[in-house]
Protein chains: 2
Amino acid sequence: MQPLPSKLLEDAVNEMSSLPGIGKKTALRLVLHLLKRDTAAIDQFSGAFVKLKRDIRNCNICHNLCDEETCTICSDRNRDRSLLCVVEDVRDVMALENTGQYRGIYHVLGGIISPLEGTGPSDLNIESLLLRVQTGEPKEVIMALSATMEGDTTNFYLFRKLKDFNIKLSTLARGVSVGDELEYADEVTLGRSILNRTPFENNLNR
Amino acid sequence: MQPLPSKLLEDAVNEMSSLPGIGKKTALRLVLHLLKRDTAAIDQFSGAFVKLKRDIRNCNICHNLCDEETCTICSDRNRDRSLLCVVEDVRDVMALENTGQYRGIYHVLGGIISPLEGTGPSDLNIESLLLRVQTGEPKEVIMALSATMEGDTTNFYLFRKLKDFNIKLSTLARGVSVGDELEYADEVTLGRSILNRTPFENNLNR
């Protein structure tokens, strides 16, 4: 890309393109779009991120992002506290909540074990998970991590830490996505889905 | 999308998704990515846009964005001041500079006549263009606007304003893009490209 005519513009474009998936050209388009707004609107745009960083909190129970000491899910008396679902981050909580199928509570690890990115077990909220399990309140821990190499590594690490507690350990079912045609499912998924086949009536009420 | 667990997060996501082409899901991904940075990095991110809005200037000759009173192109003594190229915005200046084929100077309209978006001639830098032409310095005005309905409307408006001055008026050549196959060119472009055919030797030195 041609050098920009202004250092200030260049700084703004560099900041914008530091976001994942935003290239220099897109960043320039976004910055020029911003520049058309009035000063108050730009202060509001910029202020939102500064305020977020300054005031956001992590739930003191499950580590989900929230505005209070304890998140709305953990403070909800109607949730089933014997079911504890371990997820990577806040987006996974939202995705599971979106299904409307889960009434337990969560534990947000804040990442996933990834030697490539330098994330080890000590960088994650694993100690506090063990403390929660030690209270005896959770009867089942559902490991709802991504079906990737890193997810499986983390699952295995958690399994070794949790296997001596008197609780049920489970993972999300792996299988053919609803709406997918069989011939396009990969062989590992299809293999697991036939090994872990479920009773016919389990799929009726979806 | 599921309601977010935090009002602060929601505000930040709303601001991010107010940018063109950024949906709520992408915005959430970008905001969570930002949130992983330290406070100083976020201040720098946010500050870049505030500083840009506060300190950016428009060149007092061509209205291009710049940090000084006059942009680097207008203050360059080696540019041909008899050639004046009219463009919509700073990105078009960059695109033309990128070609390395143009040694004249520019005039940035700051937009294009678009009744649908409520942009009329008085919203554009047209008065100052007429003043520049009146000085007699430009001998040719090149109207380098997009080949769209709005571009053509603006071209026509400028043509009517400029036709009584003793200057040459031209537009960018419309024709088959370099690298395009003929059968995929649309008929209007192909029709214009045969009407405005150029001498063979003009295409040799590209």
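From a predicted model like this one, the values you see are computed outputs, not experimental measurements. (Residues numbered from 1 in each chain as written. Chains lettered and ligands numbered in written order. Predicted model: local features only at pLDDT ≥ 70, side-chain atom pairs only at ≥ 80, totals over all residues.)

Some details on the packing of helix α3 (residues 39-55) of chain A against helix α1 (residues 7-17) of chain B
Okay, so step 1: Where α3(A) contacts α1(B), the two axes come as close as 9 Å, and the packing angle between them is 150 degrees. Accordingly, the angle class assigned to the pair α3(A) and α1(B) is roughly antiparallel. In the packing of α3(A) onto α1(B), the handedness of the crossing is left-handed. Residue-level inspection shows A:Q44, A:F45, A:A48, A:F49, A:K51, A:L52 and A:D55 of α3(A) in contact with α1(B), the latter providing B:L8, B:L9, B:D11, B:A12 and B:E15.
Okay, so step 2: For the contact of α3(A) with α1(B), a count of residues per class yields 7 nonpolar, 1 polar and 4 charged. (Axes fitted to C-alpha atoms, helices over the stretch in contact; angles between N-to-C directions. Helix = DSSP H or I, 4+ residues; strand = E, 2+ residues; numbered from the N terminus. Parallel < 35°, antiparallel > 145°, perpendicular 65-115°, else oblique. Left-handed = near helix turned anticlockwise from the far one by under 90°. Contact = placed C-beta atoms within 7 Å. Nonpolar A, V, L, I, M, F, W, Y, C, P; charged D, E, K, R; others polar.)

Focus on the interface of chain A and chain B
Okay, so step 1: Tallying the contact residues gives 43 residues for chain A and 43 residues for chain B.
Okay, so step 2: Listed by contribution, the elements that provide at least two residues to the side of chain A that touches chain B are α1 (7-17), α2 (24-35), α3, β2 (65-66) and α4 (90-99) of chain A.
Okay, so step 3: In terms of residue count, α3(A) provides more of the side of chain A that touches chain B than any other element does, 13 residues in total.
Okay, so step 4: Looking at the side of chain A that touches chain B residue by residue, the class counts come to 23 nonpolar, 9 polar and 11 charged.

Re the packing of α3(A) against helix α3 (residues 39-55) of chain B
Okay, so step 1: Here α3(A) crosses α3(B) at 180 degrees, and the two axes come no closer than 9 Å. Put simply, α3(A) runs roughly antiparallel to α3(B). Contacts from A:T39, A:I42, A:D43, A:F45, A:S46, A:F49, A:V50 and A:K53 of α3(A) reach α3(B) at B:T39, B:I42, B:D43, B:F45, B:S46, B:F49, B:V50 and B:K53.
Okay, so step 2: For the contact of α3(A) with α3(B), the per-class residue count stands at 8 nonpolar, 4 polar and 4 charged.

Considering the pairing of strand β4 (residues 104-108) of chain A
Residues and elements named next belong to chain A.
Okay, so step 1: For β4, the tally of buried residues reaches 4 of 5 residues, placing the bulk of the element in the interior.
Okay, so step 2: Of the strand pairs in this sheet, strand β3 (residues 80-87) and β4 are connected by 5 bridges, and their pairing is parallel. Of the residues in β4, the one forming a bridge with C85 is Y106.
Okay, so step 3: Of the crossover connections in this fold, the one passing from β3 over α4 to the parallel β4 is right-handed. (Buried ≥ 20, exposed ≤ 12 C-beta atoms within 10 Å, placed from the backbone. Pairing = 2+ DSSP bridges. Right-handed = clockwise from strand over helix to strand, strands pointing away.)

Topic: the sheet that holds β3(A)
Residues and elements named next belong to chain A.
Okay, so step 1: The strand order β4-β3-β5-β6 describes an open sheet built from 4 strands, whose pairing is parallel. The open sheet is flanked by β4 and β6 (168-171), the only strands paired with a single partner. Shown here is a sheet whose adjacent strand axes are inclined to one another by a mean of 25 degrees, direction ignored.
Okay, so step 2: As judged from the 4 bridges shared by β3 and strand β5 (residues 140-143), these two strands associate in the parallel manner. Across the sheet, residue L84 finds its bridge partner in β5, namely V141.
Okay, so step 3: In this fold α4 packs onto β3 and β4, with an angle of close to 125 degrees to the strand it touches most, β3.

Quick notes on the relation of the copies chain A and chain B
Okay, so step 1: Of the transformation placing chain A onto chain B, the axial shift is 0.0 Å and the rotation is 180 degrees, giving an RMSD of 0.0 Å. Between the two chains, the operation in question is that of a two-fold axis. No C-alpha of chain A lies nearer the rotation axis than that of A:S46, which sits 2.3 Å from it.
Okay, so step 2: A shared interface surface links the copies, since 100% of the contact residues of chain A are contact residues in chain B too. (Least-squares fit on C-alpha atoms with pLDDT ≥ 70 in both.)

Considerations on the sheet that holds strand β5 (residues 140-143) of chain B
Hydrogen bonds along the backbone pair up the strands of a sheet, which may run parallel or antiparallel.
Residue and element names in this part refer to chain B.
Okay, so step 1: Read across the sheet, 4 strands follow the order β4-β3-β5-β6 without closing on themselves; strand pairing throughout is parallel. The strands lining the two open edges of the sheet, one partner per strand, are β4 (104-108) and β6 (168-171). With strand direction ignored, the average angle separating the axes of adjacent strands in the sheet is 25 degrees.
Okay, so step 2: Direction of pairing for β5 relative to β6: parallel, over a ladder of 4 bridges.

Side note on the nonpolar core
Okay, so step 1: Formed by 85 residues in total, the largest nonpolar core has its most connected members in A:A12, A:V86, B:A12 and B:V86.
Okay, so step 2: Once residues within four sequence positions are removed from consideration, B:V86 is found in contact with B:H107, B:L109, B:L129, B:V141, B:I142, B:M143, B:A144 and B:L158. (Core = buried A, V, L, I, M, F, W, Y, C linked by C-beta atoms within 7 Å.)

Some thoughts on the confidence of the model for chain A
Keep in mind that low pLDDT regions are not for reading the predicted coordinates in detail.
Okay, so step 1: Confidence in the prediction of chain A, expressed as mean pLDDT, is 91, and 97% of residues score 70 or more.
Okay, so step 2: Of the two predicted TM-score estimates for the complex, the pTM is 0.80 and the ipTM is 0.82. (pLDDT = per-residue confidence, 0-100.)

What about the domain arrangement of chain A?
Okay, so step 1: Domains assigned within chain A are domain 1 (7-55) and domain 2 (79-172).
Okay, so step 2: Computed from C-alpha coordinates alone, the two centres of domain 1 of chain A and domain 2 of chain A are separated by 35 Å. (Domains from an automatic or database assignment.)

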